[in-house]
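Report on the structure
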Amino acid sequence: MTSPLQQKLKINGPTVITANRLGDGVVVWLRADGSWSLDIGDAAVVTTSTEALRLLGIANADENRAVGAYPAPVVLDADGLPRPANLRERIRVGGPTVALPGAA
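Here is a short report on the structure shown in this document. (Residues numbered from 1 in each chain as written. Predicted model: local features only at pLDDT ≥ 70, side-chain atom pairs only at ≥ 80, totals over all residues. Heavy atoms only, no water.)

1. Here's the deal with the pattern of salt bridges
The cut-off we apply is this: When a carboxyl oxygen of Asp or Glu is within 4 Å of a side-chain nitrogen of Lys or Arg, the pair counts as a salt bridge. Every helix listed is a DSSP run of H or I at least four residues long, and every strand listed is a run of E at least two residues long, numbered separately from the N terminus. Only protein chains enter the accessibility calculation, which uses a 1.4 Å probe; a residue whose area is less than 20% of its type maximum is buried, one above 50% is exposed, and one in between is partly exposed.
Within the structure shown, the criterion is met by 6 salt bridges. Of the charged contacts, one joins Arg-31 and Asp-42 as a salt bridge, the two residues approaching to 3.5 Å between their closest N and O atoms. One end of the pair, Arg-31, is in the loop between strand S2 (27–30) and strand S3 (36–37); the other, Asp-42, is in the loop between S3 and helix H1 (49–60), with 11 residues separating them in the sequence. By relative accessible area, Arg-31 is classed as partly exposed at 29%. Of the residues examined, Asp-42 reaches a relative accessible area of 36% and is grouped as partly exposed. Among the salt bridges present, the one from Asp-77 reaches Arg-83, with a minimum N-O distance of 3.5 Å. Look at Asp-77 and you get partly exposed, because its relative accessible area is 26%. Overlapping salt bridges, with partners in common, bring together Arg-88, Glu-89 and Arg-92 in one network.

Here it is in structure tokens:
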């Protein structure tokens, strides 16, 4: 099986790297400095496959803190901050789409 880092990656517009925090599964976003943030607005935005592969390499090397890293398409808001570009990422940013037991 080919490693995801060895596969061709097609980037069509602004993209960020996202994963899930190992300890609790919370969605995290990779910052430019290689650290993880809970806020998509802090994520490093790239526009080329080369840049995305570089960030994926950083993310995948940090599997003691976050797992399942992958590139996610974003749109930039009026302030230049990334926002989810597809339904999957909007759900991941906003949380579950149904009320969880015990939720008020």
